[in-house]
Amino acid sequence: MSTAGAIDVPPERSLPPGQHLLAQAPVMHYGPVPRPRPDRWDLTVGGMTRENREHRFSLEEVLGLPRLEVVADLHCSSRWSTLDESWSGVSARALVEAAPPADGVDEVLVFAEFGYSASIRLEDLMSARAVLATHHAGEPLTQERGAPLRLILPHLYSWKGPKWVRGWNYTLEPERGFWESRGYHLRGDAWREERYGYQE
């Protein structure tokens, strides 16, 4: 992505290496925007769960979990960042606690609509700042921005936080998701500039 539209970084702030600042995050996603179907929506937590079974949650059950508000910068691996994005929704940690992994699990494969998935570490999903967002800047998420649920992991590149989240599977070993299987980094820490698989 070009630096067209880039603005100056305030002197008291810093960006991860290789990033330039935009005033507003562009809408980006792979594939079409799903149509809202609240009557068919659920969220699944499976794989190596503690109870050795799949857990299913309705949207109402997910929204009943503890709320979380996060103000965080957003970093895209295509080298743009925005400052102080406001997200609110459900604590991802609360959902992990409601459907915990088996002992020894360190990895998670988060999946979303249309077969999209992202590989993340359990410790990242358990971050106190990891939010299953329902709102952005005080307003409900639009479909284009990921409604009804979007995962936000502020310290990782944004591809690690899928729009239109439908659940995750716990795994013992990392499983490469959509972009990881196309050459991107398993961890994706923006501050370490972990963009590509060859850096692992």
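The preceding data block contains the structure.
The following paragraphs examine the structure supplied in this document. All values derive from a computational prediction rather than experimental measurement. (Residues numbered from 1 in each chain as written. Predicted model: local features only at pLDDT ≥ 70, side-chain atom pairs only at ≥ 80, totals over all residues. Heavy atoms only, no water.)

### Remarks on the overall build of the protein chain
- What the protein chain contains, in helices and strands, is three helices and 12 strands.
- For the protein chain, the C-alpha radius of gyration of 16 Å lies close to 16 Å, the compact-globule estimate for 200 residues.
- Taking the principal axes of its C-alpha atoms as reference, the protein chain extends roughly 50 × 40 × 30 Å.
- Within the span of the protein chain, comprising 200 residues, buried residues form 50% of the whole.
- Sequence-distant contacts, at least 24 apart, represent 66% of the contacts inside the protein chain between residues at least 6 apart.
- Within the structure as shown, the protein chain displays about 9900 Å² of accessible surface, and the carbon and sulfur contribution to it stands at 49%.
- Here the protein chain carries 22 positive and 28 negative side-chain charges, and the mean point of each set is 4 Å from the other. (Helix = DSSP H or I, 4+ residues; strand = E, 2+ residues; numbered from the N terminus. Rg over C-alpha atoms; globule rule 2.2 N^0.38 Å. Buried < 20%, exposed > 50% of the residue type's maximum accessible area, 1.4 Å probe, protein only. Contact = heavy atoms within 4.5 Å. Areas by Shrake-Rupley, 256 points an atom, 1.4 Å probe, with all protein chains shown as cover. Lys, Arg positive; Asp, Glu negative; His and termini not counted. Charge placed at Lys NZ, Arg CZ, Asp CG, Glu CD.)

### Notes on unusual backbone geometry
- Note the cis peptide between A147 and P148, where omega equals 5 degrees.
- Phi angles above zero are rare outside glycine, and N52 is one such case at about 55 degrees.
- Mapping N52 onto the fold places it in the loop between β3 (42-47) and β4 (55-58).
- Here N52 falls in the exposed class, since its relative accessible area comes to 69%.
- One non-glycine residue, D84, lies in the positive phi region at around 55 degrees.
- Looking at the element boundaries, D84 is found in strand β6 (residues 80-91).
- By relative accessible area, which is 45% here, D84 ends up partly exposed.

### Let's talk about the pattern of salt bridges
- With the rule as written, the count across this model stands at 12 salt bridges.
- The salt bridge partner of R195 is E193, with a shortest N-O separation of 2.6 Å.
- What makes R195 buried here is its relative accessible area of 2%.
- With relative accessibility at 24%, the residue E193 sits in the partly exposed group.
- One continuous salt-bridge network, built from bridges that share partners, spans D42, E54, R56, E113 and R166. (Salt bridge = Lys/Arg side-chain N within 4 Å of Asp/Glu carboxyl O.)

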